[in-house]
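Okay, here's what each chain looks like letter by letter:
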Amino acid sequence: METILLALFFIIFTFAAYFLMNLLYIRFHYSFLMPALTATFVIVLFLLMTDTAYDTYMIGGQWIDSLLGPAVVALAIPLYKQRKLLFDNLVPVISGILVGVVIGMSTGLALAKLFGFSRTLLLSLLPKSITTPVSMEITEQLGGIPSLAAVFVMIAGFSGIIIGPAFMKMLHIKTPIGVGMGFGASAHGIGTAKALEYGAQEASVSSVAMSLSAVFGSFLAPLFVWIFYL
């Protein structure tokens, strides 16, 4: 009974935190107030202040986590609706995503080398621009720490939605393909949520970029490890 009550409490608490932070984002609409970021901050702060273990929170959090798969699959809907746009621009979309994956891994590798990260830490950082489930699987296969990889993915995603809009404005990137590829290839799922604010076309391209980044990353990550003898 106690377990059920704990699960219900943390489920309700998580939804309430997201709902309230979403109202805040709608009111002020700054990128750093994205509810995925601010709600995460509120939850972490609550766990620290109440000295609640992560495993305790996940008694309820695991039920929300299980919805990640269906949420990703649901991205197929805008993808199907905008299929003509994607097929008409297949070459620039594919090549752009591939370049994005290579740059994402290269920057992670460069940062790890610059700060003298250990091999394990480096392998956990390498797939930082790939959606969380795939990133964790890649990291585990390479010998890194999957949970740490998830942290790096979150940092990359939050950085992408905070810096991305200003960066695109500076470079005058306004087309649906440019905006969608930028968010999807650099900030994966949370970037796709941000792209949806720009429009359905941007969200469709972003979901394609996120999905193909995961596919390309699965092949390129071991290749990066082999080339650089990590």
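Everything below is about the structure printed above this text.
Residues numbered from 1 in each chain as written. Predicted model: local features only at pLDDT ≥ 70, side-chain atom pairs only at ≥ 80, totals over all residues. Heavy atoms only, no water.

Chemist: Is there a simple way to explain the overall build of the protein in this structure?
Modeler: Secondary structure summary: the protein contains twelve helices and zero strands in total. Beginning at the N terminus, the succession of helices and strands in the protein can be written as α-α-α-α-α-α-α-α-α-α-α-α. Here the C-alpha radius of gyration of the protein, 18 Å, is about what a compact globule of 230 residues would show, namely 17 Å. Reported as C-alpha extents along the three principal axes, the dimensions of the protein are approximately 55 × 45 × 30 Å. (Helix = DSSP H or I, 4+ residues; strand = E, 2+ residues; numbered from the N terminus. Rg over C-alpha atoms; globule rule 2.2 N^0.38 Å.)

Chemist: Looking at this structure, I do not really get unusual backbone geometry. What am I missing?
Modeler: With the exception of glycine, most residues fall at negative phi, and the peptide bonds are largely trans. Even without being a glycine, histidine 172 presents a positive backbone phi close to 60°. A positive phi angle, near 40°, is found at histidine 188, a position not held by glycine. Along the chain, histidine 188 turns up in helix H11 (residues 176–198). For histidine 188, a relative accessible area of 5% translates into the label buried. (Buried < 20%, exposed > 50% of the residue type's maximum accessible area, 1.4 Å probe, protein only.)

Chemist: Would you take a moment to explain a nonpolar patch on the surface for this structure?
Modeler: There is a patch of nonpolar side chains on the surface, built from Leu24, Phe28, Tyr30, Phe32, Ile162, Ile163, Phe167, Met170, Leu171 and Ile173 and spanning about 950 Å² of accessible area. Sorting the residues of the nonpolar patch by element identifies helix H1 (2–28) and helix H10 (146–170) as the ones contributing at least two each. For the nonpolar patch, the element with the most residues is H10, which contributes four residues. Along the chain, tyrosine 30 falls in the loop between H1 and helix H2 (35–49). Looking at tyrosine 30, the relative accessible area reads 47%, which means it is partly exposed. (Patch = residues over 30% accessible without salt bridge, like charges linked within 9 Å, V, L, I, M, F, W, Y side chains within 5 Å. Areas by Shrake-Rupley, 256 points an atom, 1.4 Å probe, with all protein chains shown as cover. Salt bridge = Lys/Arg side-chain N within 4 Å of Asp/Glu carboxyl O.)

Chemist: How should I be thinking about the environment of isoleucine 43 in this particular structure?
Modeler: With respect to the element layout, isoleucine 43 can be found in helix H2. Taking the relative accessible area as the measure of exposure, isoleucine 43 reaches 11% and is therefore buried. It is 42 Å that separates the C-alpha atoms of isoleucine 43 and valine 91, two residues lying 48 residues apart in sequence. Other than its neighbours up to four places away in sequence, isoleucine 43 contacts Phe13, Thr14, Ala17 and Tyr57. (Contact = heavy atoms within 4.5 Å.)

Chemist: What is the right way to look at the nonpolar core in this model?
Modeler: Note on soluble globular proteins: their nonpolar side chains tend to be buried together. In terms of nonpolar packing, the biggest core is built from 27 residues, with Ile97, Met105, Leu126 and Leu142 touching the most fellow members. Looking at this core, the elements with two or more residues in it are helix H6 (83–88), helix H7 (90–114), helix H8 (119–125), helix H9 (132–142), H11 and helix H12 (200–228). The leading source of residues in this core is H12, at nine residues. In contact with isoleucine 97, not counting residues within four places along its chain, are Met181, Val208, Ala209, Leu212, Ser213 and Phe216. Counting residues in hydrophobic clusters, the runner-up holds nine residues, among them Ala17, Ala39, Ile43 and Leu47. (Core = buried A, V, L, I, M, F, W, Y, C linked by side-chain atoms within 4.5 Å.)

Chemist: Please explain the pattern of salt bridges as it appears in this structure.
Modeler: Two side chains carrying opposite charge are able to pair once their charged atoms lie near each other. Here the structure, examined in full by the defined rule, presents two salt bridges. With its nearest N and O atoms 2.9 Å apart, the salt bridge here joins aspartate 88 to lysine 84. Placement of the pair is aspartate 88 and lysine 84 together in helix H6, with a separation of four residues, close to one helical turn. The same class applies to aspartate 88 as to lysine 84, namely exposed. The partner of lysine 194 in a salt bridge is glutamate 197, and the shortest N-O contact between them spans 3.3 Å. Here glutamate 197 and lysine 194 lie together in helix H11, a separation of three residues that amounts to about one turn. Owing to a relative accessible area of 4%, lysine 194 belongs among the buried residues under this scheme.

Chemist: Whenever I open this one, H9 confuses me. Can you help?
Modeler: Residues lying three or four places apart along an α-helix face the same way, a consequence of the helix completing one turn every 3.6 residues. Within H9, the full set of buried residues consists of Ser135, Ile138, Thr139 and Leu142. With its buried residues spanning 100° around the axis, H9 presents them on a single face. Where the residues of H9 are buried, they touch H8, H10 and H12. Positive backbone phi, at 105°, marks glycine 143, one or two positions downstream of H9. (Arc of directions from axis to C-beta.)

Just distances and angles here, no functional claims.
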